[in-house]
Amino acid sequence: ELKPYFREPAPPEPSLPRPFAPSRPIDALPRARGPLEEHGGSSFLRGRLIHRLLELLPELHSEARADAAKRFLARPAHGIEPQAQAEIAVEVLAVLRNPRAAPLFGPDSRAEVPLAAVLGKHVISGQVDRLVVEEGRVLVVDYKSGRAAPQDESAIEKAYVAQMDTYRA
């Protein structure tokens, strides 16, 4: 004989928490220009190309980076003028050569690293542009190439600070 609970409908399952992405926090990020807005297309493409170069070039020997950047940026699919190609290459290579940035692009660094955690009642899922784990510290970098860098730390958008705080947690 079946027990009575076999004849009753199962209770509804609790809904799982929806993952929260630090790059899209509950409080909206400052509005970024879209690729189809006035002047937005070129800065959007520029940001994507810079991100990609900062992901790929550190994997190459330093002497090979300039030529690789030049070849990558000259691809017809990107549709950018030679002067813009040169400007992007110079900017990216300057970042990679900066001694203060060396740990971020060295052999112990990783690009496009997924991070996930449960913080309190929230499931957090995100991806950082660069990650370095060293003895005594962890460096987490998320590029914001679609905007001009603020002149001082107090001018950094609160949403970006919150995003990095979430990655830290």
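Residues numbered from 1 in each chain as written. Predicted model: local features only at pLDDT ≥ 70, side-chain atom pairs only at ≥ 80, totals over all residues. Heavy atoms only, no water.

Enquirer: Before we move on, could you go through the overall build of the chain and cite the residues and values that matter?
Expert: Across its full length, the chain carries 5 helices and 3 strands. Looking at the 169 residues of the chain, the share that counts as buried comes to 30%. Of the roughly 12500 Å² of accessible surface on the chain, a fraction of 56% belongs to carbon and sulfur atoms. (Helix = DSSP H or I, 4+ residues; strand = E, 2+ residues; numbered from the N terminus. Buried < 20%, exposed > 50% of the residue type's maximum accessible area, 1.4 Å probe, protein only. Areas by Shrake-Rupley, 256 points an atom, 1.4 Å probe, with all protein chains shown as cover.)

Enquirer: Which residues make up the pairing of strand β3 (residues 137-141), and what values do they have?
Expert: Inspection of the sheet shows strand β2 (residues 122-134) paired to β3 by 5 bridges, in the antiparallel sense. What sits directly across from Val133, in β3, is Val138. Counted between consecutive antiparallel strands, the loop separating β2 from β3 contains 2 residues, among which Gly136 sits at a positive phi close to 90°. (Pairing = 2+ DSSP bridges.)

Enquirer: Please provide a residue-by-residue account of the sheet that holds β3, values included.
Expert: Strand order in the open sheet made by the 3 strands is β1-β2-β3, with antiparallel pairing throughout. Strands with a single pairing partner mark the edges of an open sheet, and in this sheet they are β1 (109-119) and β3. When strand polarity is set aside, the average angle formed by the axes of neighbouring strands in this sheet is 50°. Of the strand pairs in this sheet, β1 and β2 are connected by 10 bridges, and their pairing is antiparallel. Across the sheet, residue Val118 finds its bridge partner in β2, namely Val123. In the packing of helix α5 (residues 158-168) onto the sheet, the strands contacted are β1, β2 and β3, and the crossing angle to β2 comes to about 85°. (Axes fitted to C-alpha atoms, helices over the stretch in contact; angles between N-to-C directions. Contact = heavy atoms within 4.5 Å.)

Enquirer: Let's hear about the packing of helix α2 (residues 62-73) against helix α3 (residues 82-97): which residues, and what values?
Expert: Where α2 contacts α3, the two axes come as close as 10 Å, and the packing angle between them is 145°. Of the two possible hands of crossing, α2 and α3 adopt the one that is right-handed. Residues Arg65, Ala66, Ala69 and Leu73 of α2 lie in contact with α3, whose contacting residues are Gln85, Ile88, Ala89, Leu93 and Leu96. (Left-handed = near helix turned anticlockwise from the far one by under 90°.)

Enquirer: Mind laying out the nonpolar core, listing which residues take part and the relevant values?
Expert: Taken as a class, soluble globular proteins show a tendency for nonpolar side chains to be buried jointly. Core analysis: the largest hydrophobic core is formed by 23 residues, its most contacted members being Leu53, Leu57, Leu73, Ile88 and Val92. Of all the secondary-structure elements, those providing two or more residues to this core are α1 (40-56), α2, α3, α4 (102-105) and β3. In contact with Ile88, not counting residues within four places along its chain, are Arg46, Leu49, Ile50, Leu53, Leu73 and Ile80. (Core = buried A, V, L, I, M, F, W, Y, C linked by side-chain atoms within 4.5 Å.)

Enquirer: Go over the pattern of salt bridges, please, and point to the residues and values.
Expert: With the rule as written, the count across this model stands at 5 salt bridges. A salt bridge links Arg46 to Glu91; the shortest N-O distance between them is 2.5 Å. Of this pair, Arg46 sits in helix α1 while Glu91 sits in helix α3, and the two are 45 residues apart along the sequence. Of the residues examined, Arg46 reaches a relative accessible area of 29% and is grouped as partly exposed. (Salt bridge = Lys/Arg side-chain N within 4 Å of Asp/Glu carboxyl O.)

Enquirer: Tell me what's going on with the environment of Gln85, and back it up with residues and numbers.
Expert: In this structure, Gln85 sits in helix α3. The exposure class assigned to Gln85 is buried, which follows from its relative accessible area of 14%. C-alpha separation for the pair Gln85 and Ala74, spaced 11 residues apart in sequence, amounts to 6.9 Å. When near neighbours in sequence (up to four residues on either side) are disregarded, Gln85 contacts Leu73, Ala74 and Ile80. A polar contact is formed between the side chain of Gln85 and the backbone oxygen of Ile80, at a distance of 2.7 Å. (Polar contact = N/O pair within 3.5 Å; in protein donor to acceptor, adjacent residues only side chain to side chain.)

Enquirer: Could you give an account of the environment of Ala169, with specific residues and numbers?
Expert: Along the chain, Ala169 turns up in the segment after α5. Spatially, the C-alpha atoms of Ala169 and Ala117 are 8.8 Å apart, while their sequence positions differ by 52 residues.

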